[in-house]
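Residue-level structural notes
Given next are the chains, with one letter for each unit.
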Amino acid sequence: MFDIGFSELLVIGIVALVVIGPEKLPKMARTLGHLLGRAQRYVNDVKSDINREMQLDELKKLQSQVTESARSLEDSVRKEYESARSSVAAPVEAAQAAVGDLQSSLNESFASAPALSPEPVPTTPPLASVPVGDHKAV
């Protein structure tokens, strides 16, 4: 990333040894290591947060696409239902109108027809009047 070679690191180490001194150099290196570790963790946290936000954004886009697809499917199903309902309802209404017309014409014909008197129904003699014991052997 920075293109620092081994010779450059050696020069930096010698300058640090001269400036800081041999007694404080290990403590300074440890502190520098901790600071670099914290910086790396911070950078990794920022990267993971950015990745989560990108994934969340992708999920929101996917959710909106699915919602839109569901709405379009619902609309198409509703249109098909209404067209099927209207195609079935028209013949049913025509049949109901025809039945209503037939019923009204029958009512009119019965109202205008003269009242008929019922004919007398012939009656048969009851079974009790037939003699029971007159059987002859053959």
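Look above for the structure.
The structure contained in this document is the topic of the report that follows. In this numbering scheme, every chain counts its residues from 1 along its sequence in written order. Reporting in this predicted model follows two pLDDT cut-offs: at least 70 for local features of residues, and 80 or more for side-chain atom pairs to be given and counted; totals over whole chains, interfaces and linings ignore these cut-offs and use all residues. Hydrogens are left out, water is left out, and the side-chain values use all remaining heavy atoms of the structure.

Turning our eyes to something else, we now look at the overall build of the chain. Helix and strand counts for the chain stand at 2 helices and 0 strands. In the chain, buried positions account for 1% of the 138 residues. What sets the accessible areas is the Shrake-Rupley method with a 1.4 Å probe; for residues, cover comes only from the shown protein chains. Total accessible area computed for the chain in this model is approximately 13,300 Å², and 64% of it derives from carbon and sulfur atoms. Secondary structure elements follow DSSP: runs of H or I no shorter than four residues count as helices, runs of E no shorter than two count as strands, and numbering proceeds from the N terminus. Using a 1.4 Å probe on the protein chains alone, a residue whose accessible area is under 20% of its type maximum counts as buried, one over 50% counts as exposed, and one in between counts as partly exposed.

Further remarks concern the pattern of salt bridges. A pair is scored as a salt bridge if a Lys or Arg side-chain nitrogen falls within 4 Å of a carboxyl oxygen belonging to Asp or Glu. If you walk through the whole model with that rule in mind, you get 5 salt bridges. Residue Glu74 pairs with Arg78 through a salt bridge whose shortest N-O separation is 3.0 Å. Of the two residues, Glu74 and Arg78 are both situated in helix H2 (residues 25-112); the distance of 4 residues between them amounts to about one turn of the helix. Arg78 sits in the partly exposed class, given a relative accessible area of 45%. The partner of Asp75 in a salt bridge is Arg78, and the shortest N-O contact between them spans 3.9 Å. Placement of both Asp75 and Arg78 in helix H2 is noted, with a separation of 3 residues, approximately one turn of the helix. Connected via shared salt-bridge partners are Glu74, Asp75 and Arg78.

What follows covers a nonpolar patch on the surface. What makes a patch is a set of residues exposed beyond 30% relative accessible area and free of salt bridges, joined within 9 Å when like-charged and within 5 Å when nonpolar (Val, Leu, Ile, Met, Phe, Trp, Tyr). Where nonpolar side chains cluster on the molecular surface, the patch consists of Phe6, Leu10, Val11, Ile14, Val15, Val18 and Val19 and spans about 750 Å² of accessible area. You can see Val19 is positioned in helix H1 (residues 6-20).

Another aspect to go through is H1. Helix span, as expected, comes to 1.5 Å for every residue beyond the first. The terminal C-alpha atoms of H1, which comprises 15 residues, lie 21 Å apart, in line with the 21 Å expected from a rise of 1.5 Å per residue. Gly21, located one to two residues past H1, shows a positive phi value of around 105 degrees.

So yeah, pure geometry; function would need other evidence.
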